[in-house]
Amino acid sequence: MSAALHRHYTRIFGSRWPQLFEALITPSSHAARVNSFADVATIANDLRTTEGAAQLDLKSTAFIASTRWPQLSVCPTTKLLTHYNMCPASIAAAELLDVQTDDYVLDMCAAPGGKALVLAEALRNGGKLVANEMNQSRRQRLYRCLSNYLPDDFVRTCIIMSGKDATRRGLQKQAFDRVLLDAPCSSDRHQLQAMAKSNEWTSPPNSKHRVSRQLRLLRSAVQTLRPGGTLVYSTCALNPKENEGVVATALADPHLGVVECSKSMDSFPASNQDGRLAVTFERQQHGWLALPDAQGFGPMYACRLIKPC
């Protein structure tokens, strides 16, 4: 590893960095999240038989295992894919939005679609989800994902596909009950794993331009929220500037002054199911951060914001 990269991350994580680095270049642990529109009981029972499988303490029916999950298959009764493999912390971040059945929901940067599925399944048949993705190829991938996991009639009536540039505020203002902004970020784990595989170490990522875009996205997200609405800002970045820094800047912006950090939760996610494996996040000043040296998955930062009535 280059000395510059080592110094960069040591400034952030101090003596924790060596063990965190080893966890970051190790393949991530993924959860198999059961498709709630499929035969949940049968699929869950099948996943439980996987070696080392443990159910996660989440709203979703999801399992983590010590081995690779079985290949995706089609549920014979619904003709939908049975489960979606994704980071457990990503599931928790989407569930933090706490979508209700009749909500009007926006996923601002929705591809590849794992978090959008969490939001859509929470709606069932009562509300609507605007799945926004500016990049055309990623939007096509997103649509394929939603179509493979959600019933056709649900996609027709409850899903609205959108290709807006969310930084330009082209989305409806003061319209949404819930907004998820899973912001494009430095994706440190992917970058470090690629460098470790090639043994070609580059300079630390320059976050200045990225943070500027994240702030524009967050300001736009606030504009789309109705009074009383809820917003979750999330990234898979390690750099605090992309996480707490973006949120703190937005909270201090006098032009946005209607947004405040929700103080209502003592823990995230809540752990109340005996025998289930907790998904551990570390409390930050405004949000929560999951790091892979704790449980093998992450990084994932998530913060819930509200717009008071």
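Novice: What's the story with the pairing of strand E5 (residues 104–107) in this structure? I'm lost.
Specialist: A regular strand carries its side chains on alternate faces of the sheet. Burial along E5 is two-sided: Tyr104 and Leu106 facing one way and Val105 and Asp107 facing the other are all buried. Where E5 and strand E6 (residues 128–132) come together, 4 bridges link them in parallel fashion. In the sheet register, tyrosine 104 faces E6, and the bridge partner there is lysine 128.

Novice: Help me understand the packing of helix H2 (residues 17–24) against helix H8 (residues 188–198) in this model?
Specialist: Two measures define how a pair of helices packs: the angle their axes make with one another and the distance between the axes. Interhelical geometry of H2 versus H8 gives an angle of 80 degrees and a closest axis separation of 9 Å. With respect to H8, the axis of H2 lies roughly perpendicular. Between H2, through Trp17, Ala23 and Leu24, and H8, the contact on the second element is made entirely by Arg189, Leu192 and Gln193. Here the residues of the contact of H2 with H8 are counted per class, giving 4 nonpolar, 1 polar and 1 charged.

Novice: Teacher, can you tell me more about the sheet that holds strand E1 (residues 31–34) here?
Specialist: In any sheet, the strands associate via hydrogen bonds between backbone groups, in a parallel or an antiparallel arrangement. The antiparallel open sheet is built from 4 strands, whose spatial order is E2-E3-E1-E4. One side of each edge strand has no neighbouring strand; the edge strands of this open sheet are strand E2 (54–55) and strand E4 (83–86). Where E1 and strand E3 (residues 62–64) come together, 3 bridges link them in antiparallel fashion. Paired with alanine 32 across the bridge in E3 is phenylalanine 63.

Novice: Where do I start with the packing of helix H4 (residues 88–95) against helix H5 (residues 114–123) in this structure?
Specialist: As a packed pair, H4 and H5 sit with axes 9 Å apart at the nearest point and diverge in direction by 45 degrees. Taken together, the axes of H4 and H5 lie oblique to each other. For the element pair H4 and H5, the recorded crossing hand is right-handed. Seen from H4, the contacting residues are Ser90, Ile91, Ala93, Ala94 and Glu95; seen from H5, they are Lys115, Val118 and Leu119.

Novice: Hey, could you run me through the pattern of salt bridges in this one?
Specialist: Side-chain pairs of opposite charge can arise whenever the charged atoms involved come near each other. All chains considered together, the criterion is met by 9 salt bridges. Across the pair arginine 16 and glutamate 282 runs a salt bridge, and its minimum N-O distance is 2.7 Å. Of the two residues, arginine 16 sits in the loop between helix H1 (3–13) and H2 while glutamate 282 sits in strand E11 (residues 282–283), which places them 266 residues apart along the sequence. Using a relative accessible area of 23% as the deciding quantity, one classes arginine 16 as partly exposed. Residue class for glutamate 282 comes out partly exposed when judged on its relative accessible area of 26%. Through salt bridges with shared partners, one network takes in Arg16, Glu282 and Asp293.

Novice: What's the story with the nonpolar core in this structure? I'm lost.
Specialist: The tendency in soluble globular proteins is for nonpolar side chains to be buried side by side. Leu119, Leu129, Leu146, Leu150, Phe154, Ile159 and Phe281 are the most contacted members of the largest nonpolar core, which has 49 residues in total. Of the residues forming this core, the biggest block, 6 residues, is contributed by H5. When sequence neighbours within four positions are dropped, the list of residues in contact with isoleucine 159 reads Ala120, Leu129, Leu146, Leu150 and Phe154. Counting 41 residues, the second-largest nonpolar core is a separate cluster that includes Tyr9, Leu218, Ala221 and Val247.

Calculation criteria
Residues numbered from 1 in each chain as written. Predicted model: local features only at pLDDT ≥ 70, side-chain atom pairs only at ≥ 80, totals over all residues. Heavy atoms only, no water. Buried < 20%, exposed > 50% of the residue type's maximum accessible area, 1.4 Å probe, protein only. Helix = DSSP H or I, 4+ residues; strand = E, 2+ residues; numbered from the N terminus. Pairing = 2+ DSSP bridges. Axes fitted to C-alpha atoms, helices over the stretch in contact; angles between N-to-C directions. Parallel < 35°, antiparallel > 145°, perpendicular 65-115°, else oblique. Contact = heavy atoms within 4.5 Å. Nonpolar A, V, L, I, M, F, W, Y, C, P; charged D, E, K, R; others polar. Left-handed = near helix turned anticlockwise from the far one by under 90°. Salt bridge = Lys/Arg side-chain N within 4 Å of Asp/Glu carboxyl O. Core = buried A, V, L, I, M, F, W, Y, C linked by side-chain atoms within 4.5 Å.

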